[in-house]
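Here is how the chains run, residue by residue.
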Amino acid sequence: MPASAQVSPDEIRKGFSKAMSEMYRAEVPLYGALMELVAQVNAQTLEADPRLAQHLQRTGEIQRLDMERHGAIRLGTAAELATIRRLFAVMGMQPVGYYDLTPAGVPVHSTAFRAVHESALQTSPFRVFTSLLRLELIENPDLRAFAENALAKRSIFTPGALALIEQAERDGGLNAEDADEFIRQALETFRWHHTATVTAAQYQQLSDQHRLIADVVAFKGPHINHLTPRTLDIDQVQAAMPGKGITPKAVIEGPPPRQCPILLRQTSFKALDEPIAFTDAQGSHSARFGEIEQRGVALTPKGRALYDRLLNAARDELGAFPNEANAARYGQLMAHHFQAFPDTYAQLREQGLAYFRYLATAQGLAARGNPAQPRTLPELIDAGHIDVEPLVYEDFLPVSAAGIFQSNLGDAAQSHYTTNSNQAEFEKALGSPTIDELKLYGETQQRSVDECMRELLG
Ligand code: OOG
Ligand code: NI
């Protein structure tokens, strides 16, 4: 097939993200309500803060804001993870980062599939937080064997999806018609099932071991469990949720409110209880919830170490998992400890705490070829020939993710696992290494510097 007939993987991802959002909106009406609230608050925030609007305009983020979302799935076997990697690759999504959630009592480890190049992210920033159940953590050997057997019997991909993945791998892509069919077929893997594959008693046994185990093992496929829009003011959305009949979790995960947002702040509402037909009886299951996120600047290893240190200090002082009863104190402790985190972009940049994008300004371009034009990056910035924009954090945070899991699984789901993190095992299942996210931010920053210098001085 000639290359010209092929659709770019970024366009397939964009189409898939849209189709997924439509499916979820139709299946979970509360998601639609949340989307409307987020759109309202985003519009108000932009109106009230012209500087923010200008900055989003300059970086192009304004175009991706409405289509920005991430979702999550939980898989049961190594083979499922390896095939989902190939499915996401058709859409230009690579496994970025490794997250071990077992220290927080959730028996999974995870990665995030997403686009890696800034121009691809611009077309569609869609990401999927993908977890693999760690069956070895089920202590009861009979139950573990039952779970393994149930998972071995299911096939979560349609034959059509598998054929199109192979075709894309063979031909190096898909044409428009096949890409549309691929989106339709791939969507089936993420669909909700009203029927379970086990009896009510078996479900209960799995659930008693851990609710998450029942969520993965008892069903035909890895239903998408949430889709998360990006908000420009998470505190406002959190405050407005109850008025829309949505009850948010006790605390916002991630850093406290700041002038210059860093990393990622997230909050969610509890999973809905939905009717399920077990093989022998009617019952219910809860898995699907809603979440919102506010993204800030990506941190360098030095910035991230500071973030982790301050977060741990606040949590240690709290002495318990954040919950309804200690939420106010948690907020105070976070605000107090994070005073040690510089809160202007200039400080974040000068102290090497965050990543930035460098953009040549009109003034800089006009001065091109002028012998008086400065030649170094700091001088060009001072002269207004280069603008500095924070680079958005595109990834996730393990402590936050654990908090989101917990708020949906209920506190009863807290277990203590002594097993260590096992990135090598995860990557073996995945069939490839995971990409180091910090390396990607470093590369994007460097590319922007190189391009500026070429444009202004080249
Ligand atoms: C994933 C929870 C983590 C996030 O945004 O950190 C998550 C799950 O519940 O499967 O979505
Ligand atoms: Ni999420």
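All values reported here derive from a predicted model rather than from experimental measurement.

Draft legend 1. Spatial organisation of the packing of aromatic side chains. Applying the stated criterion across every chain yields a total of 16 aromatic pairs. Look at Phe16 and Phe190: their rings are 5.6 Å apart centre to centre, the planes differ by 65°, and that puts the pair in the edge-to-face class. In this pair, Phe16 is assigned in helix H1 (residues 9-27) and Phe190 in the loop between helix H9 (176-189) and helix H10 (200-209), connecting sequence segments 174 residues apart. The residues Phe16 and Phe190 share a single accessibility class, namely buried. An angle of 85° between the planes, with centres 6.4 Å apart, marks the rings of Tyr99 and Phe396 as edge-to-face. Note that Tyr99 is positioned in strand E3 (residues 94-100) and Phe396 in the loop between strand E13 (386-390) and helix H18 (398-409), a separation of 297 residues in sequence. Look at Tyr99 and you get buried, because its relative accessible area is 3%. Pairwise contacts between aromatic rings join Phe16, Phe88, Phe113, Phe126 and Phe190 into one cluster. Directly above the aromatic system of Phe396 lies the positively charged group of Arg295, at a separation of 5.5 Å from the ring centroid.

Draft legend 2. Broad picture of the sheet that holds strand E5 (residues 127-133). The strand order across the open sheet formed by five strands is E3-E4-E5-E2-E7, and the pairing between neighbours is mixed. Strand pairing shows two members of the sheet lacking a second neighbour, E3 and strand E7 (227-229), which therefore form its edges. On average, each strand axis in the sheet is inclined to that of its neighbour by 20°, with strand direction left out of account. Sheet topology places strand E2 (residues 69-75) next to E5; six bridges connect them, and they run parallel. Across the sheet, residue Arg74 finds its bridge partner in E5, namely Ser131. The strands that helix H2 (residues 29-48) touches are E2 and E7; relative to E7, the one it contacts most, it runs at about 15°. Lying on the sheet, H18 is in contact with E2, E3, strand E4 (108-114) and E5; it crosses E5 at an angle near 70°.

Draft legend 3. Region of interest: the pattern of salt bridges. Taken as a whole, this structure holds 28 salt bridges when the rule is applied. Put simply, Arg288 and Glu27 hold a salt bridge, and the shortest N to O gap is 2.6 Å. Placement of the pair is Arg288 in the loop between strand E10 (282-286) and strand E11 (290-295) and Glu27 in helix H1, with a sequence separation of 261 residues. Looking at Glu27, the relative accessible area reads 25%, which means it is partly exposed.

Draft legend 4. How the structure looks around the pairing of strand E9 (residues 273-277). Going residue by residue along E9, you find Glu274 and Ile276 tucked away on one face and Asp273, Pro275 and Ala277 left uncovered on the opposite face. In terms of strand pairing, E9 meets E10 through five bridges, oriented antiparallel. When the bridges of E10 are listed, Pro275 appears paired with Ser284. Turn length for the E9-E10 hairpin, with the two strands adjacent in sequence and antiparallel, is four residues.

Draft legend 5. Structural view of the packing of helix H8 (residues 159-171) against H9. Packing of H8 against H9 brings their axes to within 9 Å, and their N-to-C directions diverge by 135°. In terms of orientation, H8 lies oblique with respect to H9. Once H8 is placed against H9, the crossing between them reads as left-handed. Facing H8, whose interface residues are Gly160, Ala161, Leu164, Ile165 and Gln167, H9 presents Asp178, Glu181, Phe182, Gln185 and Ala186. In terms of residue class, the contact of H8 with H9 is built from five nonpolar, three polar and two charged.

Draft legend 6. Layout of unusual backbone geometry. Of note in this structure, Leu263 is not a glycine but carries a positive phi near 50°. The residue Leu263 is located in the loop between helix H12 (234-240) and strand E8 (264-269) in this model. We classify Leu263 as buried; its relative accessible area is 1%.

Draft legend 7. Inspection of the nonpolar core at higher detail. Counting 70 residues, the largest nonpolar core has Tyr307, Phe341 and Leu348 as the members making the most contacts within it. Ranked by residue count, the leading element in this core is helix H13 (residues 301-318), at six residues. Setting aside residues up to four positions removed in sequence, Phe341 forms contacts with Arg258, Ile262, Leu299, Gly303, Leu306, Tyr307, Leu310, Leu348 and Leu353. Core analysis: the second largest hydrophobic core is formed by 40 residues, Leu164, Ile165, Leu174 and Ala179 among them.

Draft legend 8. Structural detail: the environment of Met93. The residue Met93 is located in the loop between helix H5 (78-90) and E3 in this model. Take Met93: its relative accessible area is 1%, and that puts it in the buried class. In this structure the C-alpha to C-alpha distance between Met93 and Thr231, which are 138 residues apart in sequence, comes to 23 Å. In contact with Met93, other than residues within four places in its own chain, are Arg13, Phe88, Phe113, Arg114, Ala115, Phe126, Arg127 and Val128.

Draft legend 9. Fine view of the packing of helix H7 (residues 141-153) against H10. The contact between H7 and H10 brings their axes to 11 Å, and the two run at 115°. Considering the angle they form, H7 stands roughly perpendicular to H10. As H7 runs across H10, the sense of the crossing is left-handed. Of the residues in H10, those in contact with Leu143, Phe146 and Ala147 of H7 are Gln202, Gln205, Leu206 and Gln209. When grouped by side-chain class, the residues that make up the contact of H7 with H10 number four nonpolar, three polar and no charged.

Draft legend 10. Focus on the side chain of Thr158. Structurally, the position occupied by Thr158 is in the loop between H7 and H8. What makes Thr158 buried here is its relative accessible area of 17%. Polar side-chain contacts of Thr158 include one of 2.9 Å to the backbone nitrogen of Ala161. With sequence-adjacent residues up to four places away left out, Thr158 is seen in contact with Gln185 and Glu188.

Conventions adopted
- Residues numbered from 1 in each chain as written.
- Chains lettered and ligands numbered in written order.
- Predicted model: local features only at pLDDT ≥ 70, side-chain atom pairs only at ≥ 80, totals over all residues.
- Heavy atoms only, no water.
- Phe/Tyr/Trp six-rings, centres within 6.5 Å; stacked < 30°, edge-to-face > 60°.
- Helix = DSSP H or I, 4+ residues; strand = E, 2+ residues; numbered from the N terminus.
- Buried < 20%, exposed > 50% of the residue type's maximum accessible area, 1.4 Å probe, protein only.
- Lys NZ or Arg CZ within 6 Å of the ring centre and 35° of its normal.
- Pairing = 2+ DSSP bridges.
- Axes fitted to C-alpha atoms, helices over the stretch in contact; angles between N-to-C directions.
- Contact = heavy atoms within 4.5 Å.
- Salt bridge = Lys/Arg side-chain N within 4 Å of Asp/Glu carboxyl O.
- Parallel < 35°, antiparallel > 145°, perpendicular 65-115°, else oblique.
- Left-handed = near helix turned anticlockwise from the far one by under 90°.
- Nonpolar A, V, L, I, M, F, W, Y, C, P; charged D, E, K, R; others polar.
- Core = buried A, V, L, I, M, F, W, Y, C linked by side-chain atoms within 4.5 Å.
- Polar contact = N/O pair within 3.5 Å; in protein donor to acceptor, adjacent residues only side chain to side chain.

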